[in-house]
Amino acid sequence: MATVITSECINCGACEPECPNTAIYAGGVPWELNGETHPAVAQDIYYIEPSKCTECVGFHDHEACAAVCPVDCCIPDPNIPETETVLLERARVLHPELTIPDDAPSRFRKEGGAPAPAGDGAEAKPATANGAAAAPPAAAKPAAVAAAPKAAPAPAATVEEEFNPIAWEVPVICKDCNEPWTIPYRHFQAGVVFYCPSCSGSYVPKSQMCRAVRETFEGFYNARRAEREVFERRRAKEAAAFVAKQDAEMADFKKRLEDLSHSMKPAGKTVRPTGIGSMFT
Ligand code: SF4
Ligand code: SF4
């Protein structure tokens, strides 16, 4: 489904330069395609022209506008559900100068996408957000909590990455076809209609479900963040103690060397150099 900007837009303009398809316009500015201009879709706030939006398929594995919007008002438009195939084809039509492969970056496949097509000036960005409701094809597994660190002996993600709700995904099962898919946490709100990417069946979260999801995510991440902070503080303290111990050992070592130099005075008569060599001493 295309991305849409809601009335919560504060006109900051952050999203516009991020769009690889120039689908975002300031309110009142006519949109343009193939040299033709068309009346603005909105007058007072930024807007997205749906026929130019590919949900960033072909360029990023997340919606670039949603990733930068400070008020989270770039959301999937439930009235315009679209498949990855349709969006990929649109990207190719919009950018005939590019070769956009079938496995180009796509929010439908957050991992394993190819680099963004060359020559468009669009930068592939890290997978920090997935802003729409439709999700991976049927074969894909539901995304686990998206920002959870991969198996590693120590926490891998930075606190900023891991605890950013933009990256969280709520795994759901389609009530019609039983296929798993995911909905971005920040869009999982009561009454919003989402569509299954496999069968297009609707999925409407109820208040109780939203509460349970909120408690589960925030309970887990709040506890995890607290635990991480304790760990970081302890590690910083241990590092400082270790450095202080090594500094003290080095000072002691230098003192011992100095003491050693004083204790190493050889006995016997002093012999001074003679001949030419003595002229230089
Ligand atoms: S989702 Fe991507 S293509 Fe669509 S308007 Fe936002 S930045 Fe542009
Ligand atoms: S980033 Fe969000 S708030 Fe800013 S102009 Fe775009 S849609 Fe509006």
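Here the structure is a predicted model, which is why all the values come from computation and not from measurement.

1. Some thoughts on unusual backbone geometry
Trans is the prevailing form of peptide bonds, just as negative phi is the prevailing case for residues other than glycine.
Thought 1: The backbone of Asp72 shows a phi angle near 55°, a positive value even though the residue is not glycine.
Thought 2: With respect to the element layout, Asp72 can be found in the loop between α1 (64-68) and β6 (74-76).
Thought 3: When its relative accessible area of 33% is taken as the criterion, Asp72 is described as partly exposed.
Thought 4: A positive phi angle, close to 65°, is found at Ser200, a residue other than glycine.

2. Quick notes on the confidence of the model for the protein
Thought 1: Looking at the protein, pLDDT values average 80 and 79% of them are 70 or higher.
Thought 2: Mean pLDDT across the secondary structure elements of the protein bottoms out at helix α5 (residues 276-279), with 59, and peaks at strand β2 (residues 24-25), with 96.

3. Observations regarding the side chain of Glu169
Thought 1: Looking at where Glu169 falls in the secondary structure, it is placed in strand β7 (residues 169-173).
Thought 2: Among the polar contacts made by the side chain of Glu169, one reaches the side chain of Thr182 at a distance of 2.8 Å.

4. A few points about the environment of Thr3
Thought 1: Locating Thr3 in the fold gives a position in strand β1 (residues 3-5).
Thought 2: C-alpha of Thr3 to C-alpha of Ile75: the two residues are 72 residues apart in sequence and 5.4 Å apart in space.
Thought 3: With sequence-adjacent residues up to four places away left out, Thr3 is seen in contact with Ile48, Cys53, Glu55, Glu63, Cys65, Cys74, Ile75, Pro76 and Asp77.

5. Considering helix α4 (residues 207-263)
Thought 1: The end-to-end C-alpha separation of α4 is 83 Å, in line with the 84 Å expected for 57 residues at 1.5 Å each.
Thought 2: Cys210, Val213, Phe217, Tyr221 and Arg228 are the residues of α4 that are buried.

6. What to know about the packing of aromatic side chains
Thought 1: Within this structure, the stated rule accounts for 8 aromatic pairs.
Thought 2: Judged by centre distance (5.7 Å) and plane angle (20°), the rings of Tyr25 and Tyr47 are stacked. One end of the pair, Tyr25, is in strand β2; the other, Tyr47, is in strand β5 (residues 47-48), with 22 residues separating them in the sequence.
Thought 3: Classification of Tyr47 as buried rests on a relative accessible area of 3%.
Thought 4: Over the ring of Phe108 we find Arg107; its NZ or CZ atom is 4.2 Å from the centre of that ring.

7. Some points on the nonpolar core
Thought 1: Counting 21 residues, the largest nonpolar core has Ile5, Ile24 and Ile48 as its most contacted members.
Thought 2: Only β2, β5 and α1 provide two or more residues apiece to this core.
Thought 3: If near-sequence neighbours (up to four positions away) are discounted, Ile48 is found in contact with Thr3, Val4, Ile5, Ala23, Ile24, Cys53 and Cys65.
Thought 4: Ranked by size, the runner-up nonpolar core spans 16 residues in total, among them Val172, Ile183, Phe188 and Cys210.

Cut-offs used in this document
Residues numbered from 1 in each chain as written. Chains lettered and ligands numbered in written order. Predicted model: local features only at pLDDT ≥ 70, side-chain atom pairs only at ≥ 80, totals over all residues. Heavy atoms only, no water. Helix = DSSP H or I, 4+ residues; strand = E, 2+ residues; numbered from the N terminus. Buried < 20%, exposed > 50% of the residue type's maximum accessible area, 1.4 Å probe, protein only. pLDDT = per-residue confidence, 0-100. Polar contact = N/O pair within 3.5 Å; in protein donor to acceptor, adjacent residues only side chain to side chain. Contact = heavy atoms within 4.5 Å. Expected span 1.5 Å × (residues − 1). Phe/Tyr/Trp six-rings, centres within 6.5 Å; stacked < 30°, edge-to-face > 60°. Lys NZ or Arg CZ within 6 Å of the ring centre and 35° of its normal. Core = buried A, V, L, I, M, F, W, Y, C linked by side-chain atoms within 4.5 Å.

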